[in-house]
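What the coordinates show
Below, each chain spelled out in residue letters.
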Amino acid sequence: MTLLLPERAPTATPPGARRRRGGDPAIRLLIVVCVLLVAIGAAIPLIAVLATAFAPDALPRYAEFFTSSVDLGILRNTLVLGALVGACGTALGFLFAFVQTRLDVPGKKILHVIAMMPIVSPPFAVATATVVLYGRRGVISNGVFGLQYDIYGLDGLVFVLSMSLFPVAYLGLLGMLRGLDPAVEEAAMNLGASRWRILRTVILPLLAPGLVAPFLLLFVEAIADLANPLVLGGDYTVLASRAYLAVTGEYDLTSASVYCVILLVPSLAMYFGQRWWLNRKVRTTITGRPSGSVHLITGWSRWPIYGLALLVAAVIVSLYSTVIIGSVTKVFGVDNTLTLDYLREVVAGPGVEAVLDTLLFAAIATPIAGVVGLMVAWLVVRHLRRTAWLLDLGGTLGVAVPGTVLGIGFVLAYRPDRYIGDFLVFPSLVGGSALAAGAVSIVLAYVIRSLPAGQRTAVGALTQLHPSIEEASTDLGASALQTFRRVTLPLIRPALLTGLSYSFARSMTSVSTIVLLVTPETKIITSQVMSAASTGRYGVAFAYCTVLTAIVLAGFLVIRFIVGAGAELHRTATSEGQQK
Amino acid sequence: MTAAAHVEAPITEPADALRPESGSGHLRLDGLTKQFRGRTGTVTAVDRVDLDVLPGEFITLLGPSGCGKTTTLRMVAGFEQATGGDILIDGKAIGHLPPQRRPMAMVFQSYALFPHMTVAENIAYGLRLQRGQRSKDEIATAMRMAVTSMNLVGMEERSPHELSGGQQQRVALARALVVQPKVLLFDEPLSNLDAKLRTAMRAEIRRIQKMFGITSIYVTHDQDEAMSMSDRIVVMNKGKVEQVARPGEIYTRPTSVFVADFIGHANFVEAAPERIEDGVATLTVLGRQLTVAAHPTVAAGANGTFLMIRPETVRLTPVTSSGNGTVLRSTFHGPSLDYEIETAAGTITATEQGGDPSEALAEGTSVDLTFDADRAYLLPRD
Ligand SMILES: Nc1ncnc2c1ncn2[C@@H]1O[C@H](COP(=O)(O)OP(=O)(O)OP(=O)(O)O)[C@@H](O)[C@H]1O
Ligand SMILES: [Mg+2]
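Just so we're clear, the structure is a prediction, and the values are computed from it rather than from any experiment. Chains are numbered independently. Their residues run from 1 in the order of the written sequence. The lettering of chains begins at A and the numbering of ligands begins at 1, in the order of writing. Only residues with pLDDT of at least 70 are given local features in this predicted model, and only at 80 or more are side-chain atom pairs given and counted; all residues enter the totals for whole chains, interfaces and linings. Side-chain figures throughout are based on the complete set of non-hydrogen atoms in the structure, without hydrogens or water.

A few points about the overall build of chain A
Stated formally: Put simply, DSSP marks the helices as runs of H or I at least four residues long and the strands as runs of E at least two long, and each gets a number from the N terminus on. Partly exposed describes any residue whose relative accessible area lies between the buried limit of under 20% and the exposed limit of over 50%, with all areas from a 1.4 Å probe on protein chains only and scaled to the type maximum. Accessible surface area values rest on a Shrake-Rupley calculation with a 1.4 Å probe, where residue burial reflects the displayed protein chains alone.
A count of helical and extended segments in chain A gives 24 helices and four strands. Each principal axis of the C-alpha atoms in chain A carries an extent, and together these give about 75 × 60 × 50 Å. In chain A, which comprises 580 residues, the proportion classed as buried is 55%. In the structure as shown, chain A presents an accessible area of about 24400 Å², 67% of it carried by carbon and sulfur atoms.

Here we look at the overall build of chain B
Spelled out, the test is: Note on definitions: a residue-residue contact is assigned when non-hydrogen atoms from the two residues lie within 4.5 Å. Counting rule applied: Lys, Arg positive; Asp, Glu negative; His and chain ends not counted. Taken as the charge centre is NZ of Lys, CZ of Arg, CG of Asp or CD of Glu, depending on the residue.
Counting its secondary structure elements, chain B contains eight helices and 21 strands. Counting every position in chain B, which comprises 382 residues, the buried fraction comes to 52%. Taking the intrachain contacts of chain B between residues at least 6 apart in sequence as the baseline, contacts between residues at least 24 apart amount to 68%. Carbon and sulfur atoms make up 49% of the accessible area of chain B, which totals about 17100 Å². Looking at chain B, you have 38 positive and 45 negative side-chain charges, and the mean spots of the two groups are 9 Å apart.

Thoughts on the sheet that holds strand β3 (residues 58-62) of chain B
Residues and elements named next belong to chain B. We count it as follows: Only when DSSP finds a minimum of two bridges between them are two strands counted as paired. To obtain each axis, a line is fitted to C-alpha atoms, and for helices this fit is confined to the stretch in contact; angles are then taken between N-to-C directions over 0 to 180 degrees.
If you walk across this open sheet you meet the six strands as β6-β7-β8-β3-β9-β10, and the pairing is mixed. Edge strands, defined here as strands with exactly one partner in the open sheet, are β6 (104-107) and β10 (240-245). Adjacent strand axes in the sheet meet at a mean angle of 20°, parallel and antiparallel pairs treated alike. Pairing analysis gives five bridges linking β3 to strand β8 (residues 215-220), with the strands arranged parallel. The residue of β8 that forms the bridge with Leu61 is Val219. The strands that helix α4 (residues 165-178) touches are β6 and β7 (183-187); relative to β6, the one it contacts most, it runs at about 175°.

Comments concerning the interface of chain B and chain A
To be explicit about the condition: When two parts are put together, the accessible area they lose, computed with a 1.4 Å probe and summed over both, is reported as buried area. Salt-bridge detection follows one rule: a side-chain nitrogen of Lys or Arg within 4 Å of a carboxyl oxygen of Asp or Glu. Polar contacts here mean pairs of N or O atoms no more than 3.5 Å apart (in protein, one a potential hydrogen donor and the other a potential acceptor; neighbouring residues in sequence count only if both atoms are side-chain atoms).
Counting residues at the interface gives 31 residues for chain B and 28 residues for chain A. Summing both partners gives a buried area of about 2500 Å² for chain B against chain A, and 60% of it is carried by carbon and sulfur. Counting every contact that joins chain B to chain A gives one salt bridge. The shortest N-O distance in the salt bridge between Glu186(A) and Arg74(B) comes to 2.6 Å. Where chain B touches chain A, the interface holds six residue pairs in polar contact (both at pLDDT 80 or more). When residues in the side of chain B that touches chain A are grouped by element, the largest group, four residues, is from helix α2 (residues 119-129) of chain B.

Considerations on the pattern of salt bridges
Counted under the stated rule, the structure contains 25 salt bridges over all chains. Ionic pairing is found between Arg102(A) and Glu185(A), a salt bridge with its closest N-O pair at 2.6 Å. Here the residue Arg102(A) occupies a position in helix α4 (residues 69-102), and Glu185(A) occupies one in helix α8 (residues 182-190), the gap between them amounting to 83 residues. Residue Glu185(A) is classed as buried on the basis of its relative accessible area of 7%. Taken together, the salt bridges that share partners define one network made up of Glu186(A), Lys34(B), Arg74(B) and Glu80(B).

Comments concerning a nonpolar patch on the surface
All names here are of chain A. Put simply, the rule reads: Without a salt bridge and with relative accessible area above 30%, a residue can belong to a patch; like charges are then joined within 9 Å and nonpolar side chains (Val, Leu, Ile, Met, Phe, Trp, Tyr) within 5 Å.
On the surface, a cluster of nonpolar side chains totalling about 430 Å² of accessible area is made up of Val144, Phe145, Leu147 and Tyr149. With respect to the secondary-structure elements, Val144 resides in the loop between α6 (125-134) and α7 (154-179). Its relative accessible area of 58% is what places Val144 among the exposed residues.

Brief notes about the domain arrangement of chain B
Residues and elements named next belong to chain B. In plain terms, the rule: An automatic or database domain assignment supplies the residue ranges for each domain.
Once the domains are mapped, chain B shows domain 1 (3-252) and domain 2 (265-379). The interface is formed by five residues belonging to domain 1 together with six residues belonging to domain 2. When domain 1 packs against domain 2, the two sides together hide about 570 Å² of surface, and 55% of this comes from carbon and sulfur. On the surface where domain 1 and domain 2 come into contact, there are zero salt bridges. Connecting domain 1 to domain 2 are two residue pairs in polar contact (both at pLDDT 80 or more).

Quick word on the sheet that holds strand β18 (residues 336-343) of chain B
Residues and elements named next belong to chain B. Strand order in the open sheet formed by five strands is β16-β20-β17-β18-β19, with antiparallel pairing between adjacent strands. Where the open sheet ends on each side, the last strands, each with one partner, are β16 (314-318) and β19 (346-353). Neighbour-to-neighbour, the strand axes of the sheet open up by a mean angle of 40°, direction not taken into account. Where β18 and β19 come together, eight bridges link them in antiparallel fashion. Looking at β19, one finds that Glu342 is bridged to Thr347.

Quick notes on the site of ligand 1
All names here are of chain B. To keep it simple, the criterion reads: Think of it this way: one heavy atom of a residue within 4 Å of a molecule or strand is enough to make that residue near it.
Surrounding ligand 1, one finds Phe36, Ala45, Ser65, Gly66, Cys67, Gly68, Lys69, Thr70, Thr71, Glu188 and His221. Backbone polar atom of Gly66 to an oxygen atom of ligand 1: 2.8 Å apart, as the coordinates give it. Gly68 is positioned such that a nitrogen or oxygen atom in its backbone is 3.0 Å from an oxygen atom of ligand 1. Burial of ligand 1 by the protein amounts to 59% of the accessible area it has alone, namely 630 Å². When residues of the shell around ligand 1 are assigned to their parent elements, the largest contribution, three residues, is made by helix α1 (residues 69-77).

A few points about the pairing of strand β9 (residues 232-237) of chain B
All names here are of chain B. Among the six residues that make up β9, six are buried, leaving the element largely enclosed by the rest of the structure. Examined bridge by bridge, β3 and β9 share four bridges and lie parallel to one another. Looking at β9, one finds that Leu62 is bridged to Val235. Direction of pairing for β9 relative to β10: antiparallel, over a ladder of five bridges. Following the sheet pairing, Met236 is matched in β10 by Val241. Count of turn residues in the β9/β10 antiparallel hairpin: two residues, of which Lys238 carries a positive phi of about 50°.

Considerations on the packing of aromatic side chains
Formally: Any Phe, Tyr or Trp ring, taking Trp's six-membered ring, that has another such ring centre within 6.5 Å forms a pair; planes under 30 degrees apart are called stacked, those over 60 apart edge-to-face, and the others tilted.
Per the stated rule, a full pass over the model turns up 19 aromatic pairs over all chains. Aromatic side chains Tyr271(A) and Phe272(A) sit 5.2 Å apart centroid to centroid with 90° between the ring planes, which places their arrangement in the edge-to-face category. According to the relative accessible area criterion, Tyr271(A) is buried, its value standing at 4%. A ring pair is formed by Phe58(B) and Tyr218(B), whose centres lie 5.4 Å apart and whose planes are at 40°; its orientation type is tilted. Here Phe58(B) is found in strand β3, whereas its partner Tyr218(B) is found in strand β8, with 160 residues between them in sequence. Judged by relative accessible area, Phe58(B) falls into the buried class, the value being 0%.

What follows is the structure, encoded as C-alpha cells:
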C-alpha cells in the first residue's frame, strides 16, 4: 500500500508548482519527450485516418454506408455486440464480486484466481478453445450433450468476449463492494430488512453508478476487438473486422478509414463517457470512518448464487485447460494421443523466431510504456494545470481508439518514406521496406497500446498521495526530479509494478494493431496464432497460446523481481519518515 | 462541602423515577461473553458481563480503547454472535435472533445513512419494512412526527450529503426512533462532530430519549459525555465490568483504583488502615491521623490499600519551614492551576481553581499540604 490518506488528497497542484515547472529544464524535457511519443504513436496515426476518411474522394462512401443495408447491418452488429458484452460481462463481474464479498462459501481464493485468469489470456485462445469444446463438433456440446450447436456468430462472440473481458468489471466492482460502508448495510439490517431486501434497496442502488463504468468499458473493448470476430464471427461481421478486411483483402484504405471513423464514434463516446462518469463527484459514504463489519450471507440462498459462479468458473477452467491439453494432444477430442510436436514447433521449430521477436519487442516496449505512463501521470497530476487533460487524453488514446483503427493509422501515416525535396526526413516504418523490418512501428504500437494501463494505475496512486509529502522534499532543497526519484517513486512502487505487469501482458497479447504491422521478417506470436487458428491448425495455435501465457507469467515474476514487491508503507508513515 | 452525604452504600439500582410508565424495554445481559478466535490465539473481548438496564434508563458503556464496549453493543444488536451468556428483553431471551428480528435500533458512529435516499426516505425506511402492520398514512404521520421532534422540518427532500454533521446525526436518530424500538443503541455517535456541536447534541439526544422514554445504551470513551448524559455508567476494563453506578458515585466512590484513575484525575497514596468501623477507616497519612470513607472490601490492617485523593480537594499553604511538601512544578490550564508537590508519600497533584499564574508558588517552595478527608476514599489493591 502506498501512503494513503483518509480523504482524497487534493489533486490541485500547490501554488509553487507552476514556478517550479517553468524553472526546471528537466521537466520541460520530459514533457517534450512524452508529447513527442504520444504524437508519433497515437495522434499522427489517428489524424492520418481522419484525413483519409474525410478526404474528398472518401465523402461519397458515407452516403453509400448509410444507404447500404449490409453496411448498416455491420454497424448494428457492432453496437449490439458491444451492448450485450457490456451487460453480460458486467453481470458476470458482479456475480463474482458478490460471491467474493458477501457469501459465506468455501474456495473464494481459488474462485478469485479463476476470475483473474482471462486477464493474461492470449487472444484466440478462448475463441479457439470455445470452438473445440462448445462448437458444432465440440468435445462438450456434442461429445457430452450430443448437441450440434453452431457457435459461430453473435452468441459465440458474446460468450467469448464476456468470458475474456469480465475480469475488468469484476475488479472494479470488487473494490466498490469492499468500499461500501458496512454500517449502512447493518443499519438496514438493524431496522429489520432481510438480506434480499438489503441487496435490492441498499447494495444495488448504491452500486448502480458503479455498474455504468464497467459496462461502457466492456462495450468499448468488445467493439474494438478484432481477434474474436475473425475466428468466431462467422457471418456476423463487425466494423473492426470489416475495416481489417478492407485493408488486407481489398487493399482499400479509403473505405477502411471510413469504417474506422464510424467505429471511432461509439468507441470514443463510450470511453470518454465512462471517464466522465467515473470522475463525477459521487458520494457512496456520508462521513469518513466506515464502521461495522460485513455480514456474510449464511442462509440457503447463497447456494444457487454460488452454484452459478461455480458453473462459470468451471467453464473458464475448461477453456484454459483445453488450451493446455490441446497443445499436447494430436487433435483434442478426436485423437487424444499425447504429442509434443506442436510445442516443439513453437519453441524449437519455425515458431521460435516469432516467440523471440515478440519477447524482444515486448521487453523493449514494456519499460518504455511503464516509465512514460508514470511520467505522463506525474506530469498530469502534479505539474501541469491547463494542459494536463490534453496530455492525459493523448496517453489514453491507445486504449480509447480501437486497435484496428490505430493499426490502419500506422499504415496510412508511416508506410511511405517521407521526403522534403529529395531529402529523406522520415523513413517508412510499416511494410516490406520499413525501417528495421517494421520492428520500430511494432514496438511503438506496443508502447502506445500498453501505456494507458500504467498511466491509469499511476494517476490513481498519485492522486492518493498527499502533495505535502513531495512539498516537504522540495522544501528541503530537492529538485522536482530528485523528489520524484527519491520520494514519489518509492511510494508508488506498487502502482508501477501493476502498471508494468499490465503493460507487458497487453504487449504480448496485443493483436488488432499488430496484425497490420507484421512483415515477413518480423513475426509476432499473436499473428501466428491467428493464422494457425484460421487455418484450423488448432494444436499449433494452442501451443503458441500456452507458450505465450508461460512467458507472460514469467515476465510478471521478472518485473516483480526488478521493481521489488513494493515496500509496505503504512498510513502512519510521516513525510519526515520518507525523507530519510 | 460536607462529608456525611457521601458515606453511603454504593447504589446499583437506578432511581424509580426513571422507569417509564409502559414498563417495557427491560434489557438484561446475563454472563455475556465474546471470544474472537484469531490466528494468534483467542481474544476475550467481552468477559461474563452482567447488566440490568431498566426500562427508560440511559446507560453508558465507558472504558479505555479496546475494552469491549463496541463488541458488547454489537452483540446486543445482533451483529456479533455471543460465545457465551444471553441477552434478554422483558424476560425473553433474544440471543438467537438475527439483527433483523431484534426490537432495537442503532445509531452508528458513521451515521450509516443511506446516501442514495432522501432524508424522508431514510427515516421511512424502517417503517416501510413494517408495511404489513402500517398503512401509508401511518408511515407518513410517524415520519412527520419524527421530522418535527428532531428539528428537521424543511429538509425532508434533501439528500444526506446536503446536511451538516449535526443534522445527519439527527436524521440517524430519527430513523432509529420511528421504528419504536424497545432499546436504542449508540456507538460513539458524536465522535465525528466538533466540540461545540457535540455538547449541544448531548443535550438533544438526552431530551429525545427522555421524551420517548426509550431504554438506551450509549458507548463512548469520553468520560465527560458519560458523566453529563447517563443515568448510570458502566465502566469496563479488559472485557469486564469494573463498576456500574450513577455518575456522581462513580467519581466520588469508585470501586477500584482503575475506575478512580480512569474517571477524572486522582492521587493514590498507599496507606494501611489502623481501624475500620461502619465503613470509616482511621489511618495516618503524611503524619496526620484521619478518618476517611473506605470501600466495603477493605479490612483493618490490610496492606497495599490506596487512599484516593482528588487533586481539587488538596489545599496548599506556603510555610517558611518544615512543611510536608515541596513544589516541584506548576502548570497553568486556564480555569485552573496545577501543582505537583513532592511529599513523603510520593508526588501529589493539587488543583487550584481560578488560580492566577502570576502568583503561582515558585518551584522549591515549602508547603503545608492538606486535603479534604471527607472527599477521600480508601480503595483496596486491584
Ligand atoms: N472481529 C474481531 N476479531 C478479533 N478481535 C476483535 C474483533 N473485534 C474486536 N476485537 C478485539 O476485541 C477487543 C474489544 O474491541 P472493541 O471494539 O469492543 O473495543 P472498544 O471498547 O469499542 O474500543 P474503542 O474505544 O477503541 O472503540 C479488542 O481487543 C479488539 O482487538
Ligand atoms: Mg468501539
